[in-house]
Amino acid sequence: MNNIYSKVFITNLPSFYKLNLYNAIAERKKIFVVFTGDTAGDRNKDFFNGEMNFEYFAYKRSGALYRIMTTLRLLLSLRWRECVVGGWDSVPMWMFALLTVSRKNSVVVESSYFESQTNGLKGWIKRLFVKNIRLRAYVSGAGQKRLVEDLNFKGEIVVTKGVGVFNYVEQPPFEPRSAVRRFLYVGRLTDVKNLPLLIKSFGKRKDLILNIVGFGEQEDYLKSIAGENVNFLGAVDNKKLPQVYQENDVFILPSKSEVWGLVVEEALNNGLPVLISDRVGCGPEIINDSNGMVFKYDSLEDLLDKINKISDLKKYNQLRKNISKLDFAEIERQQVECYLR
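Reading guide: rules and limits
Here the residue numbers are simple positions, counted from 1 along each chain's written sequence. With pLDDT at 70 or above as the cut-off, local features in this predicted model cover only qualifying residues; side-chain atom pairs require 80 or more to be listed or tallied, and sums for whole chains, interfaces and linings still use all residues. Where side-chain values are given, they derive from all heavy atoms of the structure, hydrogens and water being excluded. In this description a helix means any DSSP run of H or I spanning at least four residues, a strand means any run of E spanning at least two, and both kinds are numbered starting from the N terminus. What the globule rule says is 2.2 Å times the number of residues to the power 0.38, and the radius of gyration is computed from C-alpha atoms. Only protein chains enter the accessibility calculation, which uses a 1.4 Å probe; a residue whose area is less than 20% of its type maximum is buried, one above 50% is exposed, and one in between is partly exposed. Contact criterion: two residues are considered in contact whenever any of their non-hydrogen atoms come within 4.5 Å of each other. Values of accessible area rely on a 1.4 Å probe in the Shrake-Rupley scheme; residue burial ignores everything except the protein chains shown. Any two of the Phe, Tyr and Trp rings considered here, Trp counted by its six-membered ring, make a pair once their centres fall within 6.5 Å; the pair's planes then place it as stacked at under 30 degrees, edge-to-face at over 60, or tilted in between. Two conditions define a charge sitting above a ring: the NZ of Lys or the CZ of Arg must be within 6 Å of the ring centre, and it must be within 35 degrees of the ring normal.

Undergrad: Whenever I open this one, the overall build of the protein chain confuses me. Can you help?
TA: Secondary structure summary: the protein chain contains 13 helices and 13 strands in total. Taking 2.2 N^0.38 as the reference for a compact globule, 341 residues should give roughly 20 Å; the C-alpha atoms of the protein chain span a radius of gyration of 21 Å, in line with that estimate. Oriented by its inertia axes, the alpha-carbon framework of the protein chain measures out at about 65 × 40 × 35 Å. Sorting the 341 residues of the protein chain into buried and exposed places 53% on the buried side. Look at the contacts in the protein chain between residues 6 or more apart in sequence, and 67% of them connect residues 24 or more apart. Put simply, the protein chain shows about 16,000 Å² of open surface, and 49% of that area lies on carbon and sulfur atoms.

Undergrad: Which parts of the structure should I look at to understand the packing of aromatic side chains?
TA: When we look at a pair of aromatic rings, we describe it by the centre distance and by the angle of the planes. In this structure the tally under the stated criterion is 18 aromatic pairs. Centre to centre, the rings of Phe16 and Tyr17 are 5.6 Å apart; their planes meet at 90°, and the pair counts as edge-to-face. When its relative accessible area of 14% is taken as the criterion, Tyr17 is described as buried. Here Trp88 and Phe129 contribute two aromatic rings whose centre-to-centre distance is 5.8 Å and whose plane-to-plane angle is 75°, an arrangement assigned as edge-to-face. Within this pair, whereas Trp88 is found in the loop between strand 4 (79–85) and helix 3 (91–98), its partner Phe129 is found in helix 4 (residues 120–131), the two being separated by 41 residues in sequence. Using a relative accessible area of 0% as the deciding quantity, one classes Phe129 as buried. Through a chain of ring-to-ring contacts, the aromatic side chains of Phe9, Tyr22, Phe35, Phe54, Tyr56, Tyr138 and Tyr339 assemble into a single cluster. In this structure, Arg67 packs its charged tip against the face of Tyr59, placed 5.1 Å from the ring centre.

Spelled out as structure tokens, the structure:
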């Protein structure tokens, strides 16, 4: 590990969309990736599957002494032109940020100003971290850009318009539909996803069907308040999701807070118009009148109004036609190019 790498990435886990991104970068640059293994959450097992066509190291244990000593060894053995730290959530990330040359340091910021504090002790700690990042901040969108600006970041801010590369499929050809009836949610069943509001809206629209893919701590509660027009499909393997997307008419994501929303991109890639809350991070970057609608995250009235509007058959089929023309290979290329500077 004595070679000089163009970029060294420090990230938490080998999620499939990160692996796809690193593999694409590795086709053009010599990179090394350090997986700290800090967080996982409620995810399908195949969320962490994928090839690694680059050099990497993964922490094997969680003990503090092991992690500190291992990080020191990595710091002494690796050489790079840019160190890209994937946030400020772990001891290894802090060590890479604070014990190295700040003018070579960058940070990937996926939190937004909605859910990340910039005041008080937590804000002071984040400013301390950011102070030793002098090169670049890679931010997925406007909410993340505002966060680093609030933290007084002085380096270059690069808007990537994505948090990784999902397993996109060939864009389905446009075929008009004769009815808009089946709505789809894909994600964890947790409080932040705002699913009680979503289920309540379909309680008032019993002529429509809501299909829910995912699992989580709210599952039993959500089932207890759901009507007969709400179906819980459980976990679905990533490779089977395209079929699920394409069997539905509209994708809906009602989150109270969503750093980005990769599932929104997946839905568009499978031909679905999308309806998302105004707290979904990708909204300002990729959702507009040509492919979907945005509603106020805490307003049942606004959600119902947008459900009505997106169900208008003429409007709906125009959205599908527009979406069929999206070039996801070009979208991927633009995101990868952000890391090839």
